[in-house]
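Breakdown of the fold
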Amino acid sequence: MTVTLDVAEGVGTLRLDRPPMNALDVATQDRLRELAEEATRRDDVRAVVIYGGERVFAAGADIKEMQNMDHTAMVLRSRGLQDAFTAVARIPKPVVAAITGYALGGGCELALCADYRIAADNAKLGQPEILLGVIPGAGGTQRLPRLVGPSKAKDLIFTGRMVKADEALAIGLVDRVVPAAEVYEQAHTWAAKLAQGPAVALRAAKEAVDVGLETDIDTGLAVERNWFAGLFATEDRERGMRSFVEEGPGKAKFL
């Protein structure tokens, strides 16, 4: 399998495994969508790590495969490509990308689908599609400017240049840079901590933020208000507030 889902401690690891560079061909894209949807459904998956292995996250689409596609073929395929990445972005649980080596093109776009990105100190990220005479097609023109701002996104998309980990951190493309040997461990630790949190409240927080970014402030506030009130019907809310009153902050157990 080119993508697998392994679950431990409430954390599902979506592992890309298509040596040598984890090129994202059509089969890998479809498998990624299937497993993202499975991670969404499974109650034992409370947080997700996206990982490509010790050497590389994903170096992008399979260019040899795409070279043989004409306009009609890509019209038919482009929705499937985007749907695979959107399935990852819409996992209603905390998602962290553990980035090692190259995260280019589709690899960078996959990292953009996560809520948080931890990169190796030797990682390189970028959207080099312009160098092939095309543009990002798996969400890069939309998710990248929302994350780093339009001017920085245009710089990366227009030039196709790669950025090293330190620059990626400075512009907000990644959230933490760590030694390469520690990337997966730190990503799993981040996810495992959140996997112990209140699942419905985390889902609510993610949806409120994501929907709010796509709409006007009044609509965003309405989504927040509805979720906020709705969470008062959950056992986690009762447990969290009771623990706060009786034991002090930060001691509630939600599992």
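Everything numeric in this text was worked out from a predicted model, so none of it was measured. (Residues numbered from 1 in each chain as written. Predicted model: local features only at pLDDT ≥ 70, side-chain atom pairs only at ≥ 80, totals over all residues. Heavy atoms only, no water.)

**Quick notes on the layout of surface pockets**
- Space inside the largest pocket adds up to approximately 1,000 Å³.
- Along the walls of the largest pocket sit 34 residues, with Ala89, Cys113, Arg143, Asp210 and Glu214 positioned nearest its centre.
- At the level of secondary structure, the elements contributing two or more residues to the lining of the largest pocket comprise helix H3 (71-89), helix H5 (140-148), helix H8 (183-195) and helix H9 (199-213).
- Top contributing element to the lining of the largest pocket by residue count: H9, with nine residues.
- In terms of residue class, the lining of the largest pocket is made up of 17 nonpolar, six polar and 11 charged.
- Approximately 620 Å³ is the volume found for the second largest pocket.
- Lining of the second largest pocket is provided by 33 residues; of these, Ala61, Ile63, Met66, Glu129 and Val134 occupy positions nearest its centre.
- Among the secondary structure elements, those contributing two or more residues to the lining of the second largest pocket are helix H1 (26-41), helix H2 (63-67), H3 and helix H4 (106-112).
- With seven residues, the top contributor of residues to the lining of the second largest pocket is H3. (1 Å grid on protein atoms, 1.4 Å probe; cavity = no way out; pocket = protein on both sides within 12 Å on 5 of 7 lines; lining within 4 Å. Points joined across faces, edges and corners; volume = space filled by probe spheres on them. Helix = DSSP H or I, 4+ residues; strand = E, 2+ residues; numbered from the N terminus. Nonpolar A, V, L, I, M, F, W, Y, C, P; charged D, E, K, R; others polar.)

**As for the packing of aromatic side chains**
- Scanning all chains against the criterion turns up three aromatic pairs.
- Their ring planes at 40° and their centres at 4.7 Å tell us that Tyr51 and Tyr184 sit as a pair that is tilted. In this pair, Tyr51 is assigned in strand E3 (residues 47-51) and Tyr184 in helix H8, connecting sequence segments 133 residues apart.
- Among the residues examined, Tyr184 registers a relative accessible area of 28% and is labelled partly exposed.
- The interplanar angle of 75° and the centroid separation of 5.5 Å between the aromatic rings of Phe228 and Phe232 together place this pair among those described as edge-to-face.
- You can call Phe228 exposed: its relative accessible area is 56%.
- For Phe232, a relative accessible area of 37% corresponds to the partly exposed category. (Phe/Tyr/Trp six-rings, centres within 6.5 Å; stacked < 30°, edge-to-face > 60°. Buried < 20%, exposed > 50% of the residue type's maximum accessible area, 1.4 Å probe, protein only.)

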